[in-house]
Every structure is written in C-alpha cells, then in structure tokens.
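Each chain is listed here by its residues.
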Amino acid sequence: MYSDKVMDHFSSPRNVGEIENADGVGEVGNAHCGDIMKIYLKIDNDVITDVKFKTYGCGAAIATSSIATEMIKGKTVEEAMKLTNKAVVESLDGLPPQKIHCSVLAEEAVKAAIEDYQKKKAQ
Amino acid sequence: MSKRIYMDHAATTYVNKEVLNEMLPFFTEHFGNPSSVHQFGRDVKKNIDLARDRVAKAIGALPEEIYFTAGGSEADNLAVKGVAYANKSKGNHIITSKIEHPAVIETCEQLEKEGFEVTYLGVDQYGLINPEDVRKAIKENTILISIMYANNEIGTIQPITEIANIAKENKIYFHTDAVQAIGSVRINVKEQNIDMLSLAGHKFYGPKGVGALYIRKGVKLVSILHGGSQERKRRAGTENVPGIIGIGKAIELAYQKFDEHNNRITMLRDKLIKGVMEKVPYTRLNGHPERRLPNNANFCFEFIEGESLLLNLDMKGIAGSSGSACSSGSLEPSHVLLAIGLPHEIAHGSLRLSLGEVNTEEDVDYVLQVLPEIVDRLRQMSPLYENVKGGKQ
C-alpha cells in the first residue's frame, strides 16, 4: 500500500531527534487522533541550518515528517514557508488517500516551527 | 529477510493439507449439483450430508440444524435479521454488546434504521459482559439476544451458558457468534441452551468463503437470501461444495486434536505474554488474564502507534495485527479497545498476536527478541515518550 519511497523514509527516517536550544519548535496533531509531529529548527540568518523531528504516528506520519525535514534543510525561512502538503506527497511518490492528512500535518508542523522562530525573533 | 513468522491466525488460517485433500476431488470428478436427481448430484449430496454431520457433532447439534453459508458474516446476518424479521409481531427489541464483530453490530445498526430498537451492552475492563446486565436489559418486546462467544480482538471468553440460560428463562432467542471460539473452546449447544451459533471455516484451518449457522429446531427465522430451496429453504444458492466438504473435515480435525493443540498453544501464549510484559515497560495486556482464547495475546504499548509497529514487525518477518485507527482504515481506533475503557491514545498502540499450529517456541523467542527493540526505537522517535525518558514520570 505504501510506495518504496515511503517505506524507505519509514524504515530509515532522516533527521530524527531533538535540537537543544532550537530557534523554532512546532508541534501539531494530538494523541487522541494518533498523530503528533514535533519539528525543531536551527536557524542562522534566516537559513535553516539544521532540522530534527519527533513523531508519534503511523508509517505515513513518520515518512512525511522525515521527508519534510529533508525538503527544508538548507532553505531560507521564506522558502520553507512555501512547503505544501502536495509537494510532500509528490516527493514520496504518492500516499494512499486515507494518509493524505499526514502530509498536511507535516506541512503544518514545519510552518508552526517557523512561526515559533519568527515570534521569538520579534520579541 | 529469511524468517517469516505468522502470528495472525485470528485473521485467518491456512487450509490444512488433510482438509485440502478431501476438498480437491469436489472441484473435478465430483462436480455434480447436489440438487440434481442423477447420480452426479446424489453422490455430492451424500458428502454434503457427511460434512453436516461433522459440524453438528462438533457442537452437539443435530445435522438438520446446520445451515451452510458463505461465511461467518452471512451466518451472523441470517441469525440477527432472520429472527428480527420473523418475530416482528412479538417485539422489536434486540440486546447485543459493544464488542461484537461488525457483522453483528452493523447488522443491528441497519435494523435500527428499519425501526428495531437495540441495546448495546457495555463490558468491564477485561471485556467481560455481566450476565446480570443482560437480565436487566430485557424488556417485554425483546426478541433476540446476540452475544459473541469469544472476542476476536482481545480473546475474552464470555459467560455464554449463563447468558443463554437467562435468555431461555425469558423465552428470548439466543444467538452467539462463535467464529473465534470453534476449535479453541468446547461447545455443546444443547447443554448450553444456545439457539443459534455462527461459525466460519477459515478460522480453524478450513477454507475461506464458507461458514455455517446452527439454528435450533423450532426457532422462527426467515431467510434473507432468496432464489432456491437449498439448505431446507433457509439459504438459497447452489452449495459451495468443496468449501462445505472442507469445513466439515476441518471442524472434525479441530476437535480431534483439541487437547494436544490447545495445551501447546496455551503454553506458547503464556510464554509470549509473560515475556512481553517483562521486557517492555509501559505495556498493558488487553483482555482477561485467564478467561481468554488459548491463541490470543493482545497488548497496548504506550507512546507508539500500532501501524508503524506492524510495519516494523513485518520488516522483521513477523505478521500481527492492530486495532489502531490507521490499521483499520477508519479514523477511530478499535471499538473493542474503547469499550474496555482505554483512552484513544492507548488504543492506537495495540498489537494482537494470535498463535496457531505452525508456531513454535523458537518463534516466540524470536518475537521476544525483536519486539522490545522495535518498540524502543519507535518510542525514541515519539514526542510522547520524552517526558518518560527524561525521568519526569
């Protein structure tokens, strides 16, 4: 049911972990529904220099978090804000229809982390 | 990956070789239609009668009380709808439970849309139904009580005789879905006052697509499938002859090997449960510690989700199942796990391992070696585990 790409990111997820004193942290989803994604960002001069994630959820939730971290690493904050769930799905060579919401969560988690960074910066 | 361990026998079993060998001639040389007058038909009819005898004998019924169907779900539909429609003039109330198989629950929900009234009884933390709750739910218009013999997810075995007796005292029909219980529990429908009982071939090393409903003589029930006089006019359609031959042989073997098989499986199950509970922290056993099917182990691992656990186990060659929302294809986790009082986030982390004839002690050892590592790896990835790991719990 999953593409090889999804299985690859699920079985060897990239960028798993936490960043101490992260510049931005975003957490979306809830345990009730069975998905939580937490993304940590290290940002220098508005460029994402490091990114890590922690995810509680199904295979698609783990794979979308993993690929989303790859897609935004090295990008500017402005570029990363343009990440869409559609782009996440495409990079994974597709997701089963009932798993599309996982890609939405991945997009939301990235945006929540960037918004957290922007809020901190503004303070 | 060389190792392949199947621990999903509650989902389905393979067909036993001996069973298959009895079935095979009925695809080719014995192909006649059992309704035909000629010898081709008569020859097959005789063998269907033998299969019927075998099923009847296994559950203490009379052969003429066994009706073959296309599986457990059809048997459940026939029992519930058949009795509901036939007894509408007496009443429109049905009692069942919150942990029934969807074949019963969704049939009841359909009947509700048609004007029937249904009481869905709750269960305790082990998944047990209190017979007194059944008694209290009975009303003047109650026509049917349907309670499963043993639960397919958590393996809890219900006090069926007590519930059946309450039904009998109140002159209400009693049906039990025994799909998971056949071959794992000794059943005698006459001694236990069971009016109807559903079973399915592929849960006890018989073929898929064939089941049976026992209907006690005298039960008022209408057919739900029309178009022929097969099965004494209660189930139209040309018989699935090889399937029927198969289910007959399979049920006979299941009870011939009953003690030997179940003693061995119980030992493996207990070793598995003990090992998992010892090796994996933050784990709970679902279902009753003793009153459970000999092949069933069901756990919830906190902080992780069931589908990712299943995928990881599968990569290590282990086949199990889960009641998480993601593995069920719906948004909700298993109705059974919610009914025993588990919060959603715990229910999402469930794993059912159901043992069978092929499993060995080495298989259990392998699971006990691989499973704790996988759970730990997923927990290390889970934001829910951070507080625990940091010693905050």
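The residue numbering used here restarts from 1 in each chain and proceeds along that chain's sequence as written. Throughout, the order in which chains and ligands are written sets their labels, letters from A for the former and numbers from 1 for the latter. Per-residue local features are limited, in this predicted model, to residues with pLDDT of at least 70; the limit for side-chain atom pairs, both in listing and counting, is 80 or more; totals at the level of whole chains, interfaces and linings are taken over all residues.

Colleague: An account of the sheet that holds strand E9 (residues 283-285) of chain B is needed here, citing residue identities and associated values.
Modeller: Residue and element names in this part refer to chain B. A sheet is described by the order of its strands in space; here 3 strands give the open sequence E9-E10-E12, paired in antiparallel fashion. Strand pairing shows two members of the sheet lacking a second neighbour, E9 and strand E12 (350-354), which therefore form its edges. Across the sheet, the mean angle from the axis of one strand to that of its neighbour is 25 degrees, orientation sign disregarded. Any two strands with at least two DSSP bridges between them are considered paired. Working definition: helices are DSSP H or I runs of at least four residues, strands are E runs of at least two. Numbering for both runs from the N terminus. Summarising the sheet, strand E10 (residues 296-301) and E12 pair through 5 bridges and their orientation is antiparallel. The partner of Asn298 across the bridge, within E12, is Arg352. Where helix H8 (residues 258-279) meets the sheet, it contacts E9, E10 and E12, and its direction lies at approximately 10 degrees from that of E10. Fitted lines through C-alpha atoms serve as axes, helices being fitted only where they are in contact, and the angles separating the N-to-C directions of these axes extend from 0 to 180 degrees. Remark: residues whose backbone-derived C-beta atoms lie within 7 Å of one another are considered to be in contact.

Colleague: Describe the domain arrangement of chain B, and please don't skip the residues or the numbers.
Modeller: Residue and element names in this part refer to chain B. Segmenting chain B into domains produces domain 1 (17-256) and domain 2 (258-383). These domain boundaries are the output of an automatic or database domain assignment. The distance between the C-alpha centroids of domain 1 and domain 2 comes to 28 Å. Taken together, the contact pairs 20 residues of domain 1 with 21 residues of domain 2. Split into classes, the residues belonging to the side of domain 1 that touches domain 2 amount to 10 nonpolar, 8 polar and 2 charged. Classes in brief: Ala, Val, Leu, Ile, Met, Phe, Trp, Tyr, Cys and Pro nonpolar; Asp, Glu, Lys and Arg charged; the others, Gly included, polar.

Colleague: Which residues make up the interface of chain A and chain B, and what are the values?
Modeller: Taken together, the contact pairs 18 residues of chain A with 18 residues of chain B. Going through the elements one at a time, helix H1 (4-11), strand E2 (35-44), strand E3 (47-56) and helix H2 (59-72) of chain A are the ones with two or more residues in the side of chain A that touches chain B. In terms of residues, the side of chain A that touches chain B owes the most to one element, E3(A), which gives 3 residues. Across the side of chain A that touches chain B, the residue classes break down as 8 nonpolar, 7 polar and 3 charged.

Colleague: Run through the nonpolar core, naming residues and quoting values.
Modeller: Think of a nonpolar core as buried Ala, Val, Leu, Ile, Met, Phe, Trp, Tyr and Cys residues, each tied to the set through C-beta atoms within 7 Å. Three exposure classes are used. Buried residues have 20 or more other C-beta atoms within 10 Å of their own C-beta, exposed residues have 12 or fewer, and partly exposed residues fall in between, all C-beta atoms being placed from the backbone. Core analysis: the largest hydrophobic core is formed by 150 residues, its most contacted members being Leu41(A), Val110(A), Ile163(B), Ala212(B) and Tyr214(B). When residues of this core are assigned to domains, at least three map to each of domain 1 (17-256) and domain 2 (258-383) of chain B.

Colleague: Please give an account of helix H6 (residues 160-169) of chain B that cites residues and values.
Modeller: Residues and elements named next belong to chain B. Buried within H6 are the following residues: Ile160, Ile163, Ala164, Ile166 and Ala167. Take H6 and look down its axis: the buried residues cluster within an arc of 155 degrees, on one side only. Considering only its buried residues, H6 is in contact with helix H5 (131-137), strand E5 (142-146) and strand E6 (173-177). Phi turns positive one or two residues past the end of H6, at Lys171, with a value near 55 degrees. The reported arc concerns the directions from the helix axis to the C-beta atoms and nothing else.

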